[in-house]
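Structural overview
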Amino acid sequence: MPTIVVDVMPKSELLDPQGKAVSGAFARTGVTAFSDVRIGKRFELTVDGEVTDAVLAEARRVAEEVLSNAVIEDVIGVEVAE
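Thresholds applied
- Residues numbered from 1 in each chain as written.
- Predicted model: local features only at pLDDT ≥ 70, side-chain atom pairs only at ≥ 80, totals over all residues.
- Heavy atoms only, no water.
- Helix = DSSP H or I, 4+ residues; strand = E, 2+ residues; numbered from the N terminus.
- Rg over C-alpha atoms; globule rule 2.2 N^0.38 Å.
- Buried < 20%, exposed > 50% of the residue type's maximum accessible area, 1.4 Å probe, protein only.
- Contact = heavy atoms within 4.5 Å.
- Areas by Shrake-Rupley, 256 points an atom, 1.4 Å probe, with all protein chains shown as cover.
- Lys, Arg positive; Asp, Glu negative; His and termini not counted.
- Charge placed at Lys NZ, Arg CZ, Asp CG, Glu CD.
- Phe/Tyr/Trp six-rings, centres within 6.5 Å; stacked < 30°, edge-to-face > 60°.
- Core = buried A, V, L, I, M, F, W, Y, C linked by side-chain atoms within 4.5 Å.
- pLDDT = per-residue confidence, 0-100.
- Polar contact = N/O pair within 3.5 Å; in protein donor to acceptor, adjacent residues only side chain to side chain.

Our next topic: the overall build of the protein. Helices and strands together make up the secondary structure of the protein, namely two helices and three strands. Along the chain direction, N to C, the helices and strands of the protein fall in the order β-α-β-α-β. A compact globule built from 82 residues should have a C-alpha radius of gyration of about 12 Å, whereas the protein, at 16 Å, is more than 25% larger. Principal-axis analysis of the C-alpha atoms places the extent of the protein at approximately 50 × 30 × 15 Å. Sorting the 82 residues of the protein into buried and exposed places 24% on the buried side. Across the protein, contacts joining residues at least 24 apart in sequence account for 76% of those joining residues at least 6 apart. In the form shown here, the protein has an accessible surface area of approximately 5800 Å², with 55% of it arising from carbon and sulfur atoms. One finds the centroid of the 8 positive side-chain charges in the protein at a distance of 9 Å from the centroid of its 15 negative side-chain charges.

Rendered as structure tokens:
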């Protein structure tokens, strides 16, 4: 069955306390290759049947209205997983 993946991230202008905690852990453990961490959410929507343009449009609508909080989050991707 096809899967649609929705990625949601905190708005860039907002603090990301989870990301800051991971970034601090990197520093404490000697990981120096990364300068910043932001943590978001990934949703996998299983589709019963074919992924049509209408199904993708519905996934985008659900992503904006249900899966994310528009005040503090951005939907950054809605795509069909291979």
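Read on for the rest.
In this structure the tally under the stated criterion is one aromatic pair. Aromatic pair F26 and F34: ring centres 5.8 Å apart, planes at 40°, arrangement tilted. Accessibility expressed as a relative area gives 52% for F34, which makes it exposed.

Our focus in this paragraph is the nonpolar core. Of all hydrophobic cores here, the largest spans 10 residues; its members are I4, V6, V8, V47, L56, A59, A63, L67, V75 and V78. Those elements giving two or more residues to this core turn out to be β1 (3-10), α2 (53-67) and β3 (73-81). Per-element tally for this core: the top contributor is α2, with four residues. Every residue in contact with I4, bar those within four places of it in the chain, is listed here: F43, E44, L45, V47, V51, V55, L56, A59, V78, E79 and V80.

Moving on: the confidence of the model for the protein. Mean pLDDT over the protein works out to 96, with 100% of the residues at or above the 70 mark. Here helix α1 (residues 17-28) is the element of the protein with the lowest mean pLDDT, 95, and strand β2 (residues 41-46) is the one with the highest, 98.

Moving on: the environment of K41. Within the secondary structure layout, K41 lies in strand β2. It is 20 Å that separates the C-alpha atoms of K41 and A25, two residues lying 16 residues apart in sequence. Residues contacting K41, with those up to four places away along its chain left out, are V6, D7, V8, L67 and E73. A distance of 3.0 Å separates polar atoms of two side chains, one belonging to K41 and the other to E73.

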